[in-house]
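An overview of the molecular structure
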Amino acid sequence: MVYPDTFKGFQIEDPKHWTEFKLNELKPKPFGDYDVDIKIQACGVCASDLHTVSGGWGEQHFPLCVGHEIVGTALRVGPKVTLIKPGERVGVGAQSYSCLKCKQCKNDNETYCVHQLDTYGAVWPDTGIVSQGGYSTHVRTHEHWVFPIPAGLATNKAAPMLCAGLTAYSPLVRNGAGPGKKVGIVGMGGIGHFGLLFSKALGAETWVISRTHSKEADAKKMGADGFLATADKDWNVPHKMTFDLIINTASSTENFDLAAYLSLLDVHGRWISVGLPEGSGQEVKAQDFLSNGCLIGASHLGSRKEVLAMLKLAEEKGIESWVEEIPISAEGLKTALTRLHNNNVRYRFTLTDYDKCFGTE
């Protein structure tokens, strides 16, 4: 079988024109002993993609093809690959490399490895080649970051789990979400809706905290036990010191009264941030968490073990992300990114129809 030496993908060439996608030839890194070439079938659209191509997260290596919620078919595997077989339906998330040798990697914390590389926008060592993402025909990825997709998960529903889903799932399990715990999910967007779904699947009492009541009906359909709207007067007062864990997925810090949120936590309760808003962030005062001794932390993606456990849980519990499919094309990508920028999505886009756009080769 003849394998492609180059791939094709939709790139943004200038962040000033972040909706003008151009179909270009992509040069992958050299094929290694542990690499897997994947023919892409679908890719979720993540807020990270928007922040990156628009320049909101600072300078990037343009031209750049984004997308890191990838599902496809394993075509070619390196001679030392043992985790993936050709023909398997597999996924790739936001990380594609770490050293696998350091203390963090050996303790299933490879997402915190100082040598970790992102699926797109990273420079591969010793090559100068910039990694390109899933708005493309193929990706080439080390087997450790290639995950078999369980048969019970639909491709378009599984794709967004590989970044948004994992970003919510990892801090939930690492911070004890489960029976007897009360969990709050701040922000009812792509990550937030996964936070709700996975928290409920893990057995926790789960409340959604949003700015208004506009998404309350959706939250209840997903199983939320309660809903708080911060636009309501004294919204936090009846619920002070009642939550064990709050996962903050908010994508904005505008008019964000952190003290009011922290007041919800029980003694030594945990506030874990996973959203990455643009801008300078918010002020944190020691007085804000003195009254309950709450702990403030963050979480970044998750380990391979957590990805596999998450996908298994999703299959066993019948968890389905709420997605809208958009056929991949320059125009489709413009529509998806523009609507995401305007917060006009419930709750995730998945790009599909790759064969129609790129062909079957």
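Remember, it's a predicted structure, so these values are computed and weren't measured experimentally.

Considerations on the domain arrangement of the chain
In terms of domain boundaries, the chain breaks down into domain 1 (7–163 + 302–358) and domain 2 (165–298). Spacing between the C-alpha centres of domain 1 and domain 2 amounts to 27 Å. If you look at the interface, domain 1 gives 27 residues, while domain 2 gives 24 residues. Summing both sides of the interface, domain 1 and domain 2 together bury roughly 2,200 Å²; the carbon and sulfur share of this comes to 61%. When residues of domain 1 are sorted by the area they lose upon contact with domain 2, Glu 306, Trp 322 and Tyr 347 head the list and together hold 29% of the total.

Some words on the layout of surface pockets
Estimates place the volume of the second largest pocket at around 370 Å³. Around the second largest pocket, the lining is made up of 18 residues, and of these Lys 29, Tyr 97, Trp 124, Pro 125 and His 142 lie nearest the centre. Each residue belonging to the lining of the second largest pocket can be placed in one class, and the counts come to 8 nonpolar, 5 polar and 5 charged.

Details of the pairing of strand β1 (residues 7–12)
In terms of burial, β1 is a largely internal element, 5 of the 6 residues being buried. For β1 and strand β2 (residues 21–26), the ladder comprises 6 bridges, and the chain directions are antiparallel. Of the residues in β2, the one forming a bridge with Gln 11 is Lys 22.

Considerations on the environment of Ala 47
Within the element layout of this structure, Ala 47 appears in helix α1 (residues 47–53). C-alpha of Ala 47 to C-alpha of Leu 265: the two residues are 218 residues apart in sequence and 28 Å apart in space. Once residues lying within four places of it in the same chain are set aside, the contact partners of Ala 47 are Leu 340 and Arg 348.

Observations regarding the sheet that holds strand β12 (residues 226–229)
Within the open sheet, the 6 strands sit side by side as β12-β11-β10-β13-β14-β15. Their pairing is parallel. The sheet is open, and its two borders are formed by β12 and β15 (295–298), each paired with just one other strand. Looking at each pair of strands side by side, their axes are set apart by 20° on average, direction ignored. Relative to the sheet, helix α4 (residues 164–174) contacts β10 (182–186), β13 (243–248) and β14 (265–273), its axis offset from that of β13 by approximately 155°.

What counts, and where the lines are drawn
Residues numbered from 1 in each chain as written. Predicted model: local features only at pLDDT ≥ 70, side-chain atom pairs only at ≥ 80, totals over all residues. Heavy atoms only, no water. Domains from an automatic or database assignment. Contact = heavy atoms within 4.5 Å. Buried area = accessible area lost by both parts, 1.4 Å probe. 1 Å grid on protein atoms, 1.4 Å probe; cavity = no way out; pocket = protein on both sides within 12 Å on 5 of 7 lines; lining within 4 Å. Points joined across faces, edges and corners; volume = space filled by probe spheres on them. Nonpolar A, V, L, I, M, F, W, Y, C, P; charged D, E, K, R; others polar. Buried < 20%, exposed > 50% of the residue type's maximum accessible area, 1.4 Å probe, protein only. Helix = DSSP H or I, 4+ residues; strand = E, 2+ residues; numbered from the N terminus. Pairing = 2+ DSSP bridges. Axes fitted to C-alpha atoms, helices over the stretch in contact; angles between N-to-C directions.

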